[in-house]
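# Architecture and fold: a report
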Amino acid sequence: MKLFKKPLFFLFVIIFIAAILRLYDLGKVPHSLNWDEVSLGYNAYSILKTGHDEYGAFMPVVLRSFDDYKPALYTYFTIPFIGILGLTEFAVRLPSAFAGISAVAIVYFLVTELLGNKKIKLLDREIDVSLIALLTSFFLAISPWHIQFSRIAFESNVGLTLNLLAFFLFLKGLKRNYLLPVAFFVAALNIHMYQSERVFSPLLMIALSIIFYKKLFKIKRWFLLSLLTAIIVALPLVVYILNDSRALMRAKGVSVFSEQTLVKRSAIKLLENKKTGNIVGKAFDNRRVDFVKATVGGYISHFDLNWLFITGDIARHHAPSMGLLYIFQFPFLFVGIYLLVFLKIDLRYKIAFFTYFLLVPVPASITSGVPHAVRTLNFAWTWELFIALGVAAVGVFVLKQKKAFIKNSLRVVALFYILFALFNFAYYINQYFVQMNYFTAKDWLFGYKEAIAYISPIKDQYDKIIVENEVPFDQSYMFFLFYLKVDPYYYQKLGGTDSGGFKEEHRGFYNFVFKSTRSASGGKKTLVVGRPGDISGNSSNVKVIYYPDGTPAIAVGEK
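Within any chain, residue numbers begin from 1 and follow the written order of that chain's sequence. Residue-level local features of this predicted model are given only where pLDDT is at least 70; pairs of side-chain atoms are given and counted only at 80 or more, and the full residue set underlies all totals for whole chains, interfaces and linings. Note that water and hydrogens are dropped before the side-chain values are worked out from all heavy atoms of the structure.

Turning next to the packing of helix α4 (residues 89-115) against helix α7 (residues 155-173). Direction vectors running N to C along α4 and α7 enclose 30°, while the axes themselves pass 8 Å from each other. Taken together, the axes of α4 and α7 are roughly parallel relative to one another. Like other packed secondary-structure pairs, α4 and α7 cross with a definite hand, here left-handed. From α4, Pro95, Ser96, Ala99, Gly100, Ser102, Ala103, Ile106, Val107, Phe109, Leu110, Glu113 and Leu114 reach across to α7, where they touch Asn157, Val158, Thr161, Leu164, Leu165, Phe167, Phe168, Leu171 and Lys172. The class makeup of the residues in the contact of α4 with α7 is 14 nonpolar, five polar and two charged. Axis definition: a line fitted to C-alpha atoms, over the contacting stretch in the case of helices. Angles run 0 to 180 degrees between N-to-C directions. The helix count covers DSSP runs of H or I at least four residues long, the strand count covers runs of E at least two residues long, and both are numbered beginning at the N terminus. Oblique is the label for any angle not under 35 degrees, not over 145, and not in the 65 to 115 range, which are roughly parallel, roughly antiparallel and roughly perpendicular in turn. Put simply, a crossing is left-handed when the front helix is turned counterclockwise from the back one by less than a right angle, and right-handed when it is turned clockwise. Contacts: residue pairs with any heavy atoms within 4.5 Å of one another. Any residue that is not Ala, Val, Leu, Ile, Met, Phe, Trp, Tyr, Cys, Pro, Asp, Glu, Lys or Arg is counted as polar, Gly included; the first ten are nonpolar and the last four charged.

If you want it as structure tokens, here you go:
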């Protein structure tokens, strides 16, 4: 293992690979921004220019944004990039890309800290901890799961990086006590990043505090300072939630306890059991039991190997025909799990890792639409650590063989497996950078940028431009705000956004009106933007924007 005597050099190479995979064509792949991305971008632009978001809220702790009431931290992270690069797709996604690259570096140091010693024993042979840390960082650098969310403006990706940093700083803080308050600061900051982190980050720090309570008791002054720091950082969000009941609207909307199908089923079953006098049914077939089953089922679903390696979930969360992990990694996963369970390292550190691992699905388990790759993105590096241990162990097994025939046979098998792994990686690169824009353009709401580029030079020729605001064009106003770079001062003088709901008519700006085009009446000069089927038959001078596969996406025509 002399090759790894200079691990930081190899770490630099891995970070370089991670940067290429996350920055190449960042504004073009995926094909277009989705509505969350344009919302984050325009609100960052608005706060940069005016100090207020689209609703007129001054320096908001929470963005109302489509009545999602999402934490605002990603928007603030985006402001410097928009200030330098302008309101562009690249600028909006760049904070996430940088966070993804940073995570690859942080994981190396976190794994080194977790495994503790400079060397660990695998199959009775000593292995440098740096080798395991480098393999983990490398696998995260090329991870389909991590790349997917490092290349889009999803707050969960920055949340993962902040959790990694908080975890690392906590462990380091046990030795260098001044880092402990920094760890709690980062964890508390993370609740301002993403909905799931409001649950996961506090749980992680509470769990780590319990695991290392003896050490923390010895440095109780630093620990109390850390708690105070976390309370101060978290306080603005806590105050906001206590003073505005709408702050938890998104959480309630995706909660399994709000799942109407489940509620109706439980109500029907309850009535049936009452009519028949079924005592057992009343006890075990009711709303409370159904919620418990749904929560447990939601938790367990995130360990579904088919989801991890083959299908993924919705199209925006993975490359076409790819899972979240590579198929070639599958055999090493179980070897790595076994090895880590029985690996001779500090038991507290081992418990800390597995606690992190088992806490990840908790926030997602009480939501609908599980398993969910975004809400459990904190998982990404943990699977890669298992796989890294498995790869290292298999490598040791091959190298330790004495008999020439067995050793050479295993080397041949290993060579073919490496070729399969390279093919698997090349297949992913093709699926992501070449095929994804073709197959998932509709999922990424393709067409707005192209339609707005067509409309922008001619918009002043019309008295009114009516833009569809019903599915699949709900929240279309935000795309026009973003791509037209509407002056936030002007927009707020009009009153800004008056409603975040998905069905309400938007008041509009310039000569744009956002409502259903089906009932829209024409005028002297009216332009209509919407579904090709609605526009083509009732308009003249129709311009159609096509998806990459040739099917119509958006039509623009005179009414």
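Having seen the structure, we can now continue with the description.
Here the term patch refers to residues with relative accessible area over 30% and no salt bridge, with like charges joined within 9 Å and nonpolar side chains (Val, Leu, Ile, Met, Phe, Trp, Tyr) within 5 Å. Computed with a 1.4 Å probe, the accessible areas rest on the Shrake-Rupley method; for each residue, only the protein chains presented here act as cover. Salt bridge, as applied in this entry: a Lys or Arg side-chain nitrogen positioned within 4 Å of an Asp or Glu carboxyl oxygen. A cluster of nonpolar side chains, namely Val412, Leu415, Phe416, Ile418, Leu419 and Leu422, defines an oily patch on the protein surface of about 610 Å² accessible area. By secondary structure assignment, the location of Ile418 is in helix α21 (residues 404-439).

Among the nonpolar cores identified, the biggest contains 164 residues, and Ile120, Ile132, Trp145, Phe170, Trp381 and Phe480 are the most heavily contacted of them. Broken down by element, the residue count for this core peaks at 14 residues, all from α4. Two domains each donate at least three residues to this core, and these are domain 1 (103-252 + 298-437) and domain 3 (448-557). Residue contacts for Trp381: discarding those within four places in its chain leaves Val107, Leu110, Val111, Leu114, Thr136, Leu140, Leu160, Leu164, Phe167, Phe353 and Tyr356. Residues Val62, Tyr69, Ile191 and Leu237 belong to the second largest nonpolar core, which totals five residues. To qualify as a nonpolar core, a set must consist of buried Ala, Val, Leu, Ile, Met, Phe, Trp, Tyr and Cys residues joined through side-chain atoms within 4.5 Å. Throughout, exposure labels follow a simple rule: accessible area from a 1.4 Å probe, protein chains only, divided by the maximum for the residue type, with under 20% read as buried, over 50% as exposed, and the rest as partly exposed. Domain boundaries shown here were taken from an automatic or database domain assignment.

The first and last C-alpha atoms of helix α3 (residues 73-85) sit 19 Å apart over 13 residues, in line with the 18 Å expected at 1.5 Å per residue. The angle between axes fitted to the seven residues ending at a residue and the seven residues starting there is what we call the bend at that residue. Most pronounced at Ile79, the bend in α3 amounts to some 30°, and the proline Pro80 follows within four residues. Taken together, the buried positions of α3 are occupied by Leu73, Tyr74, Thr75, Thr78, Ile79, Phe81 and Ile82. Each element contacted by the buried residues of α3 is listed here: α2 (35-50), β1 (62-63), β2 (70-71), α4, α7 and α8 (180-190). With its phi angle positive at about 90°, Gly86 sits one or two positions after the end of α3. Multiplying one less than the number of residues by 1.5 Å gives the expected span of a helix.

Pairing of strand β9 (residues 540-546) with strand β10 (residues 552-558), which is carried by five bridges, proceeds in the antiparallel orientation. Counted as the bridge partner of Ser540 is Glu558 from β10. Connecting the antiparallel pair β9 and β10 is a turn made up of five residues, with Gly550 showing a positive phi of about 95°. When DSSP finds two or more bridges between a pair of strands, those strands are recorded as paired.

Running from amino to carboxyl end, helix α1 (residues 7-23) crosses α4 at an angle of 155°, the nearest separation of the two axes being 10 Å. Classified by the angle their axes make, α1 and α4 are roughly antiparallel. Here α1 and α4 pass one another in a crossing that is right-handed. Together, Pro7, Leu8, Leu11, Ile14, Ile15, Ala18, Ala19, Arg22 and Leu23 of α1 and Phe90, Leu94, Ala97, Gly100, Ile101, Val104, Ala105, Tyr108 and Phe109 of α4 make up the contact between the two elements. Each residue belonging to the contact of α1 with α4 can be placed in one class, and the counts come to 16 nonpolar, one polar and one charged.

This brings us to unusual backbone geometry. Omega for the peptide link from Val29 to Pro30 comes to -5°, which places this bond in the cis form. Following Val471, the chain continues into Pro472 via a peptide bond in cis, with omega recorded as 5°. With respect to the element layout, Pro472 can be found in the loop between β5 (464-467) and α23 (476-483). Non-glycine residue Leu123 carries a positive phi angle of around 55°. Structurally, the position occupied by Leu123 is in the loop between β3 (119-122) and β4 (125-128). Unlike most non-glycine residues, Leu445 shows phi in positive territory, near 60°.

To continue, consider the environment of Trp35. Mapped onto the elements, Trp35 comes out in helix α2. Along the backbone, Trp35 and Trp444 are 409 residues apart, and their C-alpha atoms lie at a distance of 8.7 Å.

It is worth spelling out the pattern of salt bridges at this point. Pairing is possible between side chains that carry opposite charge, provided their charged atoms lie close to one another. The full count for this structure, using the stated rule, is eleven salt bridges. A salt bridge links Asp67 to Arg64, with the shortest nitrogen-to-oxygen separation between them at 2.7 Å. For Asp67, a relative accessible area of 18% puts it in the buried group. For Glu468, the salt bridge goes to Arg531, with nearest N and O atoms at 2.9 Å. Separated by 63 residues along the polypeptide, Glu468 in the loop between β5 and α23 and Arg531 in the loop between β8 (526-530) and α25 (532-536) bring together distant segments of the chain. Considered together, Glu468 and Arg531 belong to a single accessibility category, that of buried residues. Each of Glu468, Glu470, Arg531 and Asp534 takes part in salt bridges that share partners, so that together they form one network.

Aromatic pairs are defined between Phe, Tyr and Trp rings, using the six-membered ring for Trp, whenever the two ring centres lie within 6.5 Å; interplanar angles under 30 degrees are classed as stacked, those over 60 as edge-to-face, and all others as tilted. The full count for this structure, using the stated rule, is 58 aromatic pairs. Look at Tyr299 and Phe303: their rings are 5.7 Å apart centre to centre, the planes differ by 50°, and that puts the pair in the tilted class. The partly exposed category is assigned to Phe303, whose relative accessible area is 27%. Judged by centre distance (5.2 Å) and plane angle (50°), the rings of Phe357 and Phe379 are tilted. Remark: Phe379 occurs in the loop between α19 (362-365) and α20 (380-399) and Phe357 occurs in helix α18 (residues 347-359); sequence separation between them is 22 residues. What links up through ring pairs into an aromatic cluster is the set Phe167, Phe200, Tyr299, Phe303, Phe353, Phe354, Tyr356, Phe357, Phe379, Trp381, Trp383 and Phe386. Above the face of the Phe217 ring, Lys220 is positioned so that its terminal group lies 5.0 Å from the ring centre. A positively charged side chain is recorded as over a ring if its NZ (Lys) or CZ (Arg) lies within 6 Å of the ring centre. The angle to the ring normal must also be within 35 degrees.

This brings us to the confidence of the model for the protein. Confidence of the predictor in every single residue is expressed as pLDDT, which spans 0 to 100. Taken as a whole, the protein shows an average pLDDT of 91; of its residues, 90% reach a score of 70 or greater. Counted against residues more than four places away or in other chains, residues 500-504, with its pLDDT under 50, gives 14 contacts.

On the secondary structure map, Asn177 appears in the loop between α7 and α8. For Asn177, the side chain forms a polar contact with the main-chain oxygen of Gly173, separated by 3.0 Å. Two N or O atoms form a polar contact when they lie within 3.5 Å of each other; inside protein one atom must be a possible hydrogen donor and the other a possible acceptor, and for residues adjacent in sequence the pair counts only when both atoms belong to side chains.

Once that is clear, we can look at α1. Over its 17 residues, α1 extends 24 Å from the first C-alpha to the last, a length consistent with the 24 Å expected when each residue adds 1.5 Å. When we look at burial in α1, the residues that qualify are Pro7, Leu11, Ile14, Ala18, Ala19, Leu21 and Arg22. One side of α1 carries all its buried residues, which in axial view fall inside an arc of 165°. In α1, the exposed residues that point more than 90 degrees away from the buried face are Phe9, Phe12 and Phe16. Close packing links the buried residues of α1 with α4, α5 (129-141), α6 (144-150) and α21. This arc is taken over the directions from the axis of the helix to the C-beta atoms.

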